[in-house]
Amino acid sequence: MTKLALISSEFRGPWTLFKKELLRFWRVSFQTVAAPVITALLYLLIFSHVLERHVQVYDGVPYTAFLIPGLIMMSVLQNAFANSSSSLIQSKVMGNLVFVLLTPLTHFQFFMAFLLAAIIRGLVVGLCIYLIAMWFIALPIANPWLIFAFAFFGSALLGTFGIIAGIWADRFDQMAAFQNFIIMPLSFLSGVFYSIHSLPPFWQKVSQLNPFFYMIDGFRYGFFGKGDVSPLISLSIVGTSFLVLAWLTLKMLKSGYKLRA
Amino acid sequence: MKPAIQINGIHKSFGGLHALNGVDLTVEQGEFFALLGPNGAGKSTLINILAGLIKPSTGDISVMGFDVVQQYQQARKLLGVVPQELVFDPFFNVREMLRFQAGYFGCGPENDAWVDEILEGLGLSDKAHTNMRRLSGGMKRRALIAQALAHKPPVIVLDEPTAGVDVELRQMLWEFIKKLNRDGHTIILTTHYLEEAEALCSRVAMMKQGKIVALDSTANLLNKFAGKQLRLILGDVNLPASIQPLLRSQEKGAFTFALHDMVQIEFVLSALREANIKVIDMQLNEADLEDVFLSLVGNQND
Ligand SMILES: Nc1ncnc2c1ncn2[C@@H]1O[C@H](COP(=O)(O)OP(=O)(O)OP(=O)(O)O)[C@@H](O)[C@H]1O
Ligand SMILES: [Mg+2]
């Protein structure tokens with residue numbers, strides 16, 4: 001607590017909310033960090049074992065190496081989404097969101113606290129998978145800044161999307177629908193397990209409408225220095241999507257949509 | 001001095017349901033104020049608008065001069081609200097929750113002594129490290145109250161703080177709240193235990209169907225609306241017409257009259273004497289808030 005003394009009282013409100021959101025997932029890190037890491041490693045084991053000899057994606061890149069960045073990024077995105085959405089839906093269903101709604105926190109501070117906690121959960125999960133995957137196969141790192149930028153903006157985008165879902169959903173089953181009908185299909189059909197150049201032209205076009213594709217492709221580009229599209233195009237698509245969703249979220253929060261009757 | 005709470009022309013409808021139909025009310029700083037009314041009268045709706053949890057359809061509310069919509073940051077800092085719903089965060093223990101709650105309002109470590117005082121005052125000291133989930137219902141209610149007080153707000157609003165709470169805690173709670181009131185905090189509460197309101201509050205508003213139907217000091221209300229009650233056991237008789245208007249209720253030979261003063265006792269008794277009706281037993285009761293309440297809002301059918 002003593003380090004808080006340095007923080008002005010103005011900043012202390014949002015900082016407290018951020019810290020509470022961090023602690024909320026850290027307290028149950030067995031489910032929020034360990035479980036998704038294990039899931040990703042299982043995918044890695046199974047798919048690399050089955051497909052290693054059959055799929056050649058880029059010249060000179062073994063399939064397992066190709067797979068790892070995609071799995072990391074998929075987990076980063078899913079967990080950033082899970083953090084903000086489940087925190088909000090739980091607080092709404094339990095009714096304890098009122099403790100935050102009663103405070104002088106602004107809608108922007110509220111947004112930032114949930115967003116940063118979601119980003120950190122995404123990055124922590126991603127980092128854990130990366131460190132463990134390093135035992136299996138060494139990955140090159142072509143551009144660490146690209147890796148970080150995609151992980152950061154990708155988790156920001158999904159964390160924001162999670163806030164929207166959390167505000168919108170009134171019940172757990174509605175949240176599950178979000179998860180099963182939007183997040184899962186988009187992340188599985190984004191080129192985690194294959195390069196979209198191996199798809200028929202029609203499905204290549206469809207994939208290009210999927211924002212997850214750009215996040216995964218750009219993230220992977222940071223490791224191998226090559227991908228399906230230019231990383232700068234991907235980054236600007238991801239960045240723009242984030243800004244649009246953030247703007248929408250702030251508007252929802254400001255109007256009190258579903259939170260203040 | 002700005003009023004603690006100023007409510008001007010508040011209307012609120014939920015779809016077609018008019019929950020509040022023009023509420024005006026001023027509560028001065030330092031008051032101990034009760035908001036009474038039957039289920040569904042609109043008390044919680046009014047409190048939720050005050051707290052910023054619900055938006056008014058029209059009208060405005062300010063807390064110590066700060067508008068709860070336009071200047072919500074200042075207004076909310078001055079306000080501590082105990083919600084009616086028994087809600088809690090299952091992830092944390094009591095002390096953590098209180099520190100978080102104070103932190104949201106910008107209070108830091110300097111506030112820890114106050115948090116300890118609240119824990120002490122509400123009998124939660126030995127539960128400080130217990131997870132919220134593991135508290136009993138009454139303990140959760142205490143923690144809920146403690147959370148509203150965590151940032152030491154000058155204006156405290158308690159929405160049925162004693163629902164489902166045992167006698168001992170009620171006493172402890174009221175002692176603590178009375179102390180806060182003596183220290184200058186403004187207290188506004190709702191309760192369905194009218195004797196609590198009568199014992200504690202210097203002023204009372206009674207609501208019915210989204211309107212305030214009575215607003216006065218507790219003493220005036222008692223005088224104005226109920227006066228005294230005379231209960232007579234007369235047996236199976238026909239009352240003289242002259243005293244019929246004073247009759248409040250009747251059950252099996254027991255008649256209760258609502259009287260404004262002592263002179264009317266003599267009036268009733270002499271009317272009975274003239275009609276040759278014998279008084280079998282007699283009881284004179286001071287009216288309480290419950291009588292006022294029943295005479296004002298008791299009839300739900302109009
Ligand atoms: N969010 C809401 N949506 C729709 N109707 C509501 C909502 N909140 C309250 N109401 C309605 O508004 C009316 C007033 O409710 P309110 O909770 O303010 O009553 P109350 O005086 O607090 O009653 P109680 O003593 O039971 O707590 C009720 O008819 C209630 O059904
Ligand atoms: Mg109520």
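Residues numbered from 1 in each chain as written. Chains lettered and ligands numbered in written order. Predicted model: local features only at pLDDT ≥ 70, side-chain atom pairs only at ≥ 80, totals over all residues. Heavy atoms only, no water.

In the nomenclature of an unreviewed UniProt entry, chain A is known as Inner membrane transport permease YadH of mine drainage metagenome. Taken from UniProt, the Subcellular location (unreviewed entry) comment for chain A reads in full: "Membrane". (UniProt positions renumbered as here; feature names shortened; annotations may be inferred.)

Caption draft 1: Examining the overall build of chain A more closely. Counting its secondary structure elements, chain A contains 10 helices and 0 strands. The N-to-C order of helical and strand elements in chain A reads α-α-α-α-α-α-α-α-α-α. Its C-alpha radius of gyration of 19 Å places chain A within 12% of the 18 Å reference for a compact globule of 261 residues. Over its C-alpha atoms, taken along the principal directions, chain A stretches across nearly 60 × 40 × 30 Å. Among the 261 residues that make up chain A, the fraction classed as buried is 54%. In chain A, 79% of the contacts between residues at least 6 apart in sequence involve partners at least 24 apart. (Helix = DSSP H or I, 4+ residues; strand = E, 2+ residues; numbered from the N terminus. Rg over C-alpha atoms; globule rule 2.2 N^0.38 Å. Buried < 20%, exposed > 50% of the residue type's maximum accessible area, 1.4 Å probe, protein only. Contact = heavy atoms within 4.5 Å.)

Caption draft 2: Spotlight on the side chain of glutamine 78 of chain A. All names here are of chain A. Looking at where glutamine 78 falls in the secondary structure, it is placed in helix H3 (residues 63-94). The exposure class assigned to glutamine 78 is buried, which follows from its relative accessible area of 19%. Apart from residues no more than four positions distant in its own chain, glutamine 78 is found in contact with Ile183, Met184 and Ser187.

Caption draft 3: Representation of the interface of chain B and chain A. With 32 residues of chain B at the interface, the matching set in chain A holds 31 residues. Summing the contributions of chain B and of chain A, the shared interface buries around 2,900 Å²; its carbon and sulfur component is 65%. When the buried area of chain B at its contact with chain A is split by residue, Leu53, Phe91 and Tyr104 of chain B rank highest and sum to 26% of it. Counting across the interface, chain B meets chain A through 2 salt bridges. With a closest N to O distance of 3.9 Å, lysine 20 of chain A and aspartate 89 of chain B form a salt bridge. For the pair chain B and chain A, the number of links is 12 residue pairs in polar contact (both at pLDDT 80 or more). When contributions to the side of chain B that touches chain A are tallied by element, the ones reaching two or more residues are helix H2 (72-77), helix H3 (94-104) and helix H5 (137-149) of chain B. At 6 residues, H3 of chain B tops the list of elements feeding residues into the side of chain B that touches chain A. In terms of residue class, the side of chain B that touches chain A is built from 17 nonpolar, 7 polar and 8 charged. (Buried area = accessible area lost by both parts, 1.4 Å probe. Salt bridge = Lys/Arg side-chain N within 4 Å of Asp/Glu carboxyl O. Polar contact = N/O pair within 3.5 Å; in protein donor to acceptor, adjacent residues only side chain to side chain. Nonpolar A, V, L, I, M, F, W, Y, C, P; charged D, E, K, R; others polar.)

Caption draft 4: Here's a closer look at the sheet that holds strand E14 (residues 281-286) of chain B. Residues and elements named next belong to chain B. Taken in spatial order, the 4 strands make up an open sheet running E12-E13-E11-E14, and their pairing is antiparallel. Single-partner strands in this sheet number two, and they are strand E12 (247-251) and E14. Across the sheet, the mean angle from the axis of one strand to that of its neighbour is 15°, orientation sign disregarded. Here strand E11 (residues 228-233) pairs with E14 via 6 bridges, running antiparallel. When the sheet's bridge partners are listed, leucine 230 is paired in E14 with leucine 284. (Pairing = 2+ DSSP bridges. Axes fitted to C-alpha atoms, helices over the stretch in contact; angles between N-to-C directions.)

Caption draft 5: A look at the UniProt feature "transmembrane region" (unreviewed entry) in chain A. Listed under "transmembrane region" (unreviewed entry) in the UniProt record, and renumbered for this structure, are residues 28-51, 63-81, 93-116, 123-141, 147-169, 181-203 and 229-250 of chain A. For residues 181-203 of chain A, the helix share is 48%, the strand share is 0%, and the end-to-end C-alpha distance is 19 Å.

Caption draft 6: Quick peek at the sheet that holds strand E5 (residues 66-67) of chain B. Residues and elements named next belong to chain B. In spatial order, the strands read E2-E1-E4-E5; together these 4 strands make up an open sheet with antiparallel pairing. Of all the strands in the sheet, the pair left with one neighbour each is strand E2 (17-27) and E5. Note: strand E4 (residues 58-63) against E5, 2 bridges, orientation antiparallel. Counterpart to valine 63 in the pairing with E5 is phenylalanine 66.

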